[in-house]
Amino acid sequence: MEAELVVENGHGKNQYQAVGKRPIRHDGVDKVTGRALYGADLTFPGMLYGAVLRSPYAHAVIKSIDTREVERHPAVKAVASSRDLALGSENLAEVGEGVVTSTRYLSNNVLAADKVLYKGHAVAAIAADSPHVAEEMLSLIKVEYETLPPVTDVESAMQEGATILHNQLVAPSYGEEAPQQSNVASHQQFKLGDIEEGFRQADLIREREYRTSTVHQGYIEPQNGTASWSHDGHLTIWCSSQGHFGIRDNTAKVLGLEVSRVTVVPMEIGGGFGGKLPTYLEPIAAVLSKKSGRPVKMTMTRAEVLEATGPASGTYVKAKIGVKLDGRITAAQAYLAYEAGAYPGAPIGGAAACMFSPYDIPHVLIDGYDVVTNKPRTAAYRAPGAPMAAFACETLVDELAVELGIDPIEFRRKNAAREGTRRADGARHLRIGFLEMLEAMQAHPHYSAPLPDENSGRGIATGFWRNNTGPSSAVAHVMADGSISLLEGSVDIGGTRTAIAQQFAEVMGIATEDVHPRVVDTDSIGYTSVTGGSGVTFKTGLAAYEAAWDVIHQLKERAALLWETESSQVEYVAGSLYHKLDDTLQISFKDLAAKLNELGGPIVGRASVNPRGVGASFSAMIVDVDVDPETGKVQILRCTAFQDAGIAIHPAYVEGQIQGGSVQGIGWALNEGYVMSSEGNLLNASLLDYRMPTSLDVPMIDAVIVEVPNPGHPFGVRGIGEASIVPPLAAVANAIHGATGVRLRDLPMSPGRVLEGIWKHEGKV
């Protein structure tokens, strides 16, 4: 289905010849024919296979690790433990999406040193000639534990007397209070205006509590890593990650190496959504390779992925909003407590920055708490922190609109943020498309369509994601046939190879098919930050844009040589070069490319950027549900998702991102969540028991692309990969209220929880 476009007046893509079109993706043939190589596809002569011994306990002191028996076994070629790692310091290490941790925590998460902090925590590893032998030999490693009580949810972890995970963590202290040990790793506060004055001005104030479960990103491909430590001391790693430069840097930190001694080769990636930013297996495979003298490949099982890689935080959120009777919001306050898992680093910054940002509210106070628990350390998940915050904000906004008798879209329009509106985190909105998106929602046929029966309901919600940027590099080689070999450092998850090639082709005035993009290793391109934060099409697109202009500059110099004139007299337009003063002198780019070796040699265009001007994204959803009053089962009947994409470089890819994020948000709302035992064991550590939506659970999601160009990018690009996951949690909750009259504030809204809510609403319990 072709995405519906709603374009701001005076703008559009008709002015472009490559941008806004739908070329076939460059990597498509390799992927549909199975020729594309993913991390688990690698084989090398003499390659060994690694396996990891993981903790059976959620919280325990490691008294001893005895590897003598396994080291003596002839089938075992190498053994690794935390003794082989550089424990590091408290210095911070970037792990993507703005999340940082200390290098000591990073090392301890790769292989536990003194304590295990979640079931599945890696303790030791071995390498053998086959994966089955390696797994079998793990039983020869003897570990003595002293078990401790676990804390597996954020509220329990914050209670007085809770088991402390890290003795060095102390509660944030203000004034004269002495710091005390705590599971609260950090506290952030955002203030705008005077919150007490804002609530004094309100005619109606409502305060509610919300809880969301720990959820996993659900990518298809498990984590993997293959390492070869050569005899000259150089380490090469092959892996499927979202940021091979980050894997290089963090692996070097964990192993105590200079980054120049580590090369990371990016493989194709089977999904990530933020979960494939952290480093897990790569340093372990490296140690095993160094000790054995052979390449070592490691791949996680699905249970290991769910138990030992970073999910999204479970949360407790308290939200309070005050309004005038005419619907104008005067004040908003939030208390956000987010699980970090075993080590600090919950996305409270993103949550606090995004929670109330769709609205122009004069008085705001937000407190965010980063709390450690005995679960795997959380990782980014598509707009990290924002969906849970928006769940609270948007359901409470909807509740107020209903109570005041104001249409929910009109209520949002009345309070909508505009260009120049200050957010609670201090930033001011630049040119944004929130009002245009609300107008598109209100005008859409879905909003006025009749509902099928009394058990159905309609809900809406909006969302915001600030989007990120970062350093990025691109190198363009002009080929003799007039095509371009375009090297980039951004891992391609959602079609960014083609979107980057389109931007390069647009500048050059050539066909996108004549640009051949390749994602290359860390030695072959300048530093490029992670594929995350909805930043690749923005930042790497800008690098390609600048590289294209570098090529054009050099082409003009070569044409000047050919015509024996100055380059200032040469003009490049739409794939051809012209002499400004002599109409008879002109040459196409392709013809000039064939002559480059006669005119000074090859042309290589390059650019390294760290751009500002990233444009925020707004999203929204209209969703219809049917609720079975006897079972509590919720069925999605119809779903329309909206997003301001700035300018959609490749509309089909934008549509795919909107649909993908919407489906994940629906799963988060209705089905997904970690089920933990009192001992800290994950009880649904398989895709049979961890219930993600399938094609049978959701209808076709109609994507509406609103285009309000971002003035910070030459083609108006806004990031689009994350904002679409923000509205569904609240939109589905609001639709369930429309169908049943029940306000559900805990996720997931499973059939049992919905049915219990109906019974309470009807006075049956």
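What you see is a predicted model, and the numbers here were worked out from it, not measured in a lab. Each chain carries its own residue numbering, running from 1 in the direction its sequence is written. Only residues with pLDDT of at least 70 are given local features in this predicted model, and only at 80 or more are side-chain atom pairs given and counted; all residues enter the totals for whole chains, interfaces and linings. Neither water nor hydrogens contribute to the side-chain values; these are computed over all heavy atoms in the structure.

1. Structural notes on helix 13 (residues 434–443)
Filter applied, for reference: Relative accessibility thresholds used throughout: buried, under 20% of the residue-type maximum; exposed, over 50%; partly exposed, between the two (1.4 Å probe, protein chains only). We count a stretch as a helix when DSSP gives it H or I for four or more residues in a row; a strand needs E for two or more, and each element gets its number in order from the N terminus. By definition, the arc is the one covered by directions from the helix axis to the C-beta atoms.
Listed in full, the buried residues belonging to helix 13 are F434, M437, L438, A440 and M441. On an axial view of helix 13, the arc spanned by its buried residues comes to 160°, and they lie on one face.

2. Side note on the packing of helix 11 (residues 386–404) against helix 19 (residues 728–740)
Note the threshold: Note on geometry: axes are lines fitted to C-alpha atoms, helical ones only across the stretch in contact, with angles between N-to-C directions running from 0 to 180 degrees. Take the far helix as your reference; a near helix turned counterclockwise from it by less than a right angle gives a left-handed crossing, and one turned clockwise gives a right-handed crossing. We call two residues in contact when some of their heavy atoms are within 4.5 Å. Each residue gets one of three labels, nonpolar for Ala, Val, Leu, Ile, Met, Phe, Trp, Tyr, Cys and Pro, charged for Asp, Glu, Lys and Arg, and polar for the others, Gly among them.
Contact geometry of helix 11 with helix 19 gives a least axis separation of 8 Å together with a crossing angle of 35°. Remark: the crossing between helix 11 and helix 19 carries right-handed chirality. Every residue of helix 19 that contacts helix 11 at P387, M388, A390, F391, E394, T395, D398 and V402 is listed here: L729, A730, A733, N734 and H737. For the contact of helix 11 with helix 19, a count of residues per class yields eight nonpolar, three polar and two charged.

3. Details of the pattern of salt bridges
Definition in use: Think of a salt bridge as a Lys or Arg side-chain nitrogen and an Asp or Glu carboxyl oxygen that are within 4 Å of each other.
The full count for this structure, using the stated rule, is 35 salt bridges. Residue E399 is joined to R745 by a salt bridge in which the shortest nitrogen-to-oxygen separation is 3.2 Å. Taken as a pair, E399 in helix 11 and R745 in the loop between helix 19 and helix 20 (751–761) lie far apart in primary sequence, 346 residues in all. By relative accessible area, R745 is classed as partly exposed at 23%.

4. Quick word on the packing of helix 7 (residues 244–255) against helix 8 (residues 282–292)
Under the convention used in this document: Should an angle fall under 35 degrees it is called roughly parallel, over 145 degrees roughly antiparallel, and 65 to 115 degrees roughly perpendicular, with every other angle called oblique.
Taken N-terminus to C-terminus, the directions of helix 7 and helix 8 make an angle of 55°; their axes are 9 Å apart at the nearest point. Taken together, the axis directions place helix 7 and helix 8 in an arrangement best described as oblique. Between helix 7 and helix 8 lies a crossing whose hand is right-handed. In this structure, helix 7 uses I247, T251, V254 and L255 to contact helix 8, whose residues at the interface are E282, P283, A286 and V287. A class-by-class count of the residues in the contact of helix 7 with helix 8 yields six nonpolar, one polar and one charged.

5. What about the layout of surface pockets?
Unfilled space is identified by rolling a water-sized probe across the atoms. In plain terms, the rule: Cavity means a closed set of points on a 1 Å grid over the protein atoms alone, one where a 1.4 Å probe fits but cannot get out, pocket means an open set with protein on both sides within 12 Å along at least 5 of 7 lines, and lining means a residue has an atom within 4 Å of a point. Grid points are joined across faces, edges and corners, and a volume is the space filled by probe spheres set on the points.
Its boundaries defined by the atoms lining it, the largest pocket holds a volume of some 1000 Å³. As for the largest pocket, its lining consists of 48 residues, and the residues nearest its centre are F273, R382, I493, G494 and Q657. At seven residues, the largest contribution of residues to the lining of the largest pocket is made by helix 18 (residues 651–670). Of the residues contributing to the lining of the largest pocket, the split by class is 20 nonpolar, 23 polar and five charged.

6. What about the sheet that holds strand 22 (residues 515–519)?
Worth spelling out the cut-off: Think of it this way: DSSP has to see at least two bridges between two strands before they count as a pair.
Overall, mixed pairing links the four strands, which are arranged 22-21-20-26 in an open sheet. Sheet topology places strand 22 and strand 26 (604–609) at the edges, where each strand pairs with a single neighbour. On average, each strand axis in the sheet is tilted by 15° relative to the strand beside it, whichever way the strands run. As defined by bridge partners, strand 20 (residues 472–478) adjoins strand 26 across six bridges and the pair is classed as antiparallel. When the sheet's bridge partners are listed, S472 is paired in strand 26 with V609.

7. A short note on helix 8
In terms of burial, helix 8 is largely enclosed, as nine of its eleven residues are buried. Looking at helix 8, one finds that the buried residues are E282, P283, I284, A285, A286, V287, L288, S289 and S292. Two residues or fewer after helix 8 comes G293, characterised by a positive phi angle close to 75°.

8. Some remarks on the side chain of T421
The cut-off we apply is this: The definition of a polar contact used here is a pair of N or O atoms within 3.5 Å, where within protein one atom must be able to donate a hydrogen and the other to accept one, and adjacent residues in sequence count solely through side-chain atom pairs.
Tracing the sequence through the fold places T421 in the loop between helix 12 (408–414) and helix 13. A distance of 2.9 Å separates the side chain of T421 from the backbone nitrogen of R418, its partner in a polar contact. Filtering out sequence-adjacent residues up to four positions away, T421 remains in contact with Y359, D360, A427, R428 and H429.

9. Here we look at the environment of K191
Within the element layout of this structure, K191 appears in strand 10 (residues 184–192). Sequence separation between K191 and D425 is 234 residues, and the spatial gap between their C-alpha atoms is 7.4 Å.

10. Observations regarding the sheet that holds strand 25 (residues 582–588)
The three strands lie next to each other as 23-24-25, forming an open sheet whose pairing is antiparallel. Of all the strands in the sheet, the pair left with one neighbour each is strand 23 (570–573) and strand 25. Neighbour-to-neighbour, the strand axes of this sheet turn through a mean angle of 25°, independent of strand direction. In this sheet, strand 25 lies alongside strand 24 (residues 576–579) in antiparallel orientation, the contact comprising four bridges. Looking across to strand 25, one finds that H579 is bridged to D582. On top of the sheet, helix 16 (residues 536–563) reaches strand 23, strand 24 and strand 25; it is set at about 130° to strand 23, its chief contact.

11. Observations concerning the environment of H477
Mapped onto the secondary structure, H477 falls in strand 20. Through-space distance from the C-alpha of H477 to that of V520 is 14 Å; in sequence the pair is 43 residues apart. Not counting residues up to four positions away in its chain, the partners in contact with H477 are S483, I484, S485, L487, I603 and V604.

12. Observations regarding the packing of aromatic side chains
Heads up, the condition is: Two aromatic rings from Phe, Tyr or Trp, using only the six-membered ring of Trp, form a pair when their centres are within 6.5 Å; if the ring planes differ by under 30 degrees the pair is stacked, by over 60 it is edge-to-face, and anything between is tilted. Lysine and arginine charges are scored as sitting over a ring when NZ or CZ, respectively, is within 6 Å of the ring centre and within 35 degrees of the ring normal.
Following the criterion strictly, the structure yields 15 aromatic pairs and no others. Geometrically, the ring pair formed by Y16 and F715 is edge-to-face, given 5.4 Å between the ring centres and 85° between the ring planes. With Y16 in the loop between strand 1 (4–7) and helix 1 (28–33) and F715 in the loop between strand 29 (701–707) and helix 19, this residue pair connects regions lying 699 residues apart in the sequence. The same class applies to Y16 and to F715, which are both buried. Aromatic side chains Y335 and Y369 sit 5.1 Å apart centroid to centroid with 35° between the ring planes, which places their arrangement in the tilted category. Remark: Y369 occurs in strand 18 (residues 363–372) and Y335 occurs in strand 17 (residues 329–341); sequence separation between them is 34 residues. Owing to a relative accessible area of 26%, Y335 belongs among the partly exposed residues under this scheme. Grouped by ring-pair contacts, the aromatic residues Y16, Y545, W549 and F715 constitute a single cluster. Note that K318 overlies the ring of Y335, its terminal NZ or CZ placed 6.0 Å from the centroid. Positioned above the aromatic ring of F199, the side-chain terminus of K320 is 4.4 Å from the ring centre.

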